[in-house]
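A structural walkthrough
The chain contents come next:
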Amino acid sequence: MKITYQGKDEETAASTVAAFLAEKGIDAKTAIVEYRGEIYSASESLDALSLEEGAELNVYRIVSGG
Amino acid sequence: MGANAYLSERERQILESAIVGIAGAGGLGSNCAMHLVRAGVKKLVIADFDTVNESNLNRQFFFRDQLGRKKVDALAENLRRIEPDLELDIHDTRLCPENIGEIFSGCTAFVEALDSADAKAMFLKAVLPFGKPTVATSGLAGWGKSGGIVQRRIGKNLILAGDMESNVGDNSFPFSPRVGIAAAMEANALVALLLGEEP
């Protein structure tokens, strides 16, 4: 299906947000996900979050340092 | 407060009544707290388990004569040298999912100022459901590339500052200028969010 990822069109075979992150090699435990206007953090319920055709997904990586 | 000369009565009241919870009193937390106090914030809840050590002096708002002191105690002392009548609620403790809610439940805004990616994610997971203005960072190691540190607004209440890639790790370290930019960016965005303006 086609989604909008980081503002650009993206083709993916993933059916959930968690699967999409795995496809991208992103660690869900340290990512903030903005999906359909909602914010999800630290892999919370990403497994159960279905990807939908045309949906907008933004992912922000959290890296160490402070 | 020193900031009052530059604030309207409305702005002063908003900033003085805000209760800002700061998770971590290291490079980000100590400098962000300093900026918030100078900007007119009066009430802070600060948590950190660590003590001031020599390497911290490369970027953190502490002084050589405070080596060995608890960071929360030393930071409270330094902030009160700027504004003596602050209301500080300090917690000498390591944050975990079980105590974050209890420590920060009365806060009206949050600053993520922790070290590790796991701790940052843990804190955000705990406080984002409160729906309050929240600032966090990701990516500030090294030097140069000041313009690479940007802020992103995620949803209505969250601002994430950093370059999203400069990880502090085995061969990559935090230095005062770049950590300082991120800490100032957190404080700057939070002041705007508290005042109901575009961060």
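Residues numbered from 1 in each chain as written. Chains lettered and ligands numbered in written order. Predicted model: local features only at pLDDT ≥ 70, side-chain atom pairs only at ≥ 80, totals over all residues.

**Section: the sheet that holds strand E5 (residues 56-61) of chain A**
Hydrogen bonds between backbone atoms are what pair the strands of a sheet, whose relative direction is either parallel or antiparallel. Residue and element names in this part refer to chain A. The following threshold applies: Two strands qualify as a pair provided that DSSP identifies no fewer than 2 bridges between them. For the purposes of this entry, the term helix denotes a DSSP run of H or I that reaches at least four residues, the term strand denotes a run of E that reaches at least two, and both are numbered from the N terminus. What counts as an axis is a line fitted to C-alpha atoms, over the stretch in contact for a helix, and the angles between N-to-C directions run from 0 to 180 degrees.
Strand order in the open sheet formed by five strands is E2-E1-E5-E3-E4, with mixed pairing between adjacent strands. Edge strands, defined here as strands with exactly one partner in the open sheet, are strand E2 (8-11) and strand E4 (38-41). Put simply, the sheet's adjacent strands are angled 30° from each other on average, direction ignored. Examined bridge by bridge, strand E3 (residues 31-35) and E5 share five bridges and lie antiparallel to one another.

**Overview of the packing of helix H2 (residues 27-39) of chain B against helix H3 (residues 71-82) of chain B**
Residues and elements named next belong to chain B. For clarity, the threshold we go by: Put simply, angles under 35 degrees are roughly parallel, angles over 145 are roughly antiparallel, angles from 65 to 115 are roughly perpendicular, and the rest are oblique. Definitions for this section: a left-handed crossing has its near helix turned counterclockwise from the far helix by less than a right angle. A right-handed crossing has that turn clockwise. Throughout, a residue-residue contact means that the two C-beta atoms, derived from backbone geometry, are no farther apart than 7 Å. Polarity classes work like this: nonpolar for Ala, Val, Leu, Ile, Met, Phe, Trp, Tyr, Cys and Pro, charged for Asp, Glu, Lys and Arg, and polar for all others, with Gly in that last group.
Axis separation between H2 and H3 bottoms out at 10 Å; the angle between their running directions is 25°. Between H2 and H3, the crossing angle belongs to the class labelled roughly parallel. Judged by the twist between their axes, the crossing of H2 over H3 is right-handed. On H3, the residues that touch Ser30, Ala33, Met34, Val37 and Arg38 of H2 are Leu75, Leu79 and Ile82. Looking at the contact of H2 with H3 residue by residue, the class counts come to six nonpolar, one polar and one charged.

**A few points about the sheet that holds strand E1 (residues 19-23) of chain B**
All names here are of chain B. Read across the open sheet, the seven strands follow the order E3-E2-E1-E4-E5-E7-E6; overall the sheet is mixed. Each end of this open sheet is capped by a strand with a single partner; those strands are strand E3 (87-91) and strand E6 (150-154). With direction set aside, neighbouring strand axes in the sheet form an average angle of 15°. Packed onto the sheet, H2 meets E1, strand E2 (43-47), strand E4 (109-112) and strand E5 (134-137) and runs at close to 160° relative to E1. Running at roughly 160° to strand E7 (residues 158-162), helix H6 (residues 176-194) makes contact with E1, E4, E5, E6 and E7 of the sheet.

**A look at the nonpolar core**
This is how the line gets drawn: Think of a nonpolar core as buried Ala, Val, Leu, Ile, Met, Phe, Trp, Tyr and Cys residues, each tied to the set through C-beta atoms within 7 Å. Think of it as a crowd count around each C-beta: if 20 or more other C-beta atoms lie within 10 Å the residue is buried, if 12 or fewer it is exposed, and in between it is partly exposed, with C-beta placed from the backbone throughout.
Grouped together as the largest cluster of nonpolar side chains are 78 residues, with contacts concentrated most on B:Val20, B:Ile22 and B:Leu190. Setting aside its immediate chain neighbours within four residues, B:Ile22 contacts B:Gly29, B:Cys32, B:Ala33, B:Leu44, B:Val45, B:Ile46, B:Val111 and B:Ala113.

**Re the environment of B:Asp92**
Residue and element names in this part refer to chain B. Within the fold, Asp92 resides in the loop between E3 and helix H4 (97-104). Taking the C-beta count within 10 Å as the criterion, Asp92 has 15 such neighbours and is therefore assigned partly exposed. Asp92 sits 57 residues away from His35 along the chain, and the two C-alpha atoms are 21 Å apart. Apart from residues lying up to four places away in sequence, Asp92 is in contact with Phe49, Lys70 and Val72.

Note that every value here comes from positions in space, so none of it alone points to a role or purpose.
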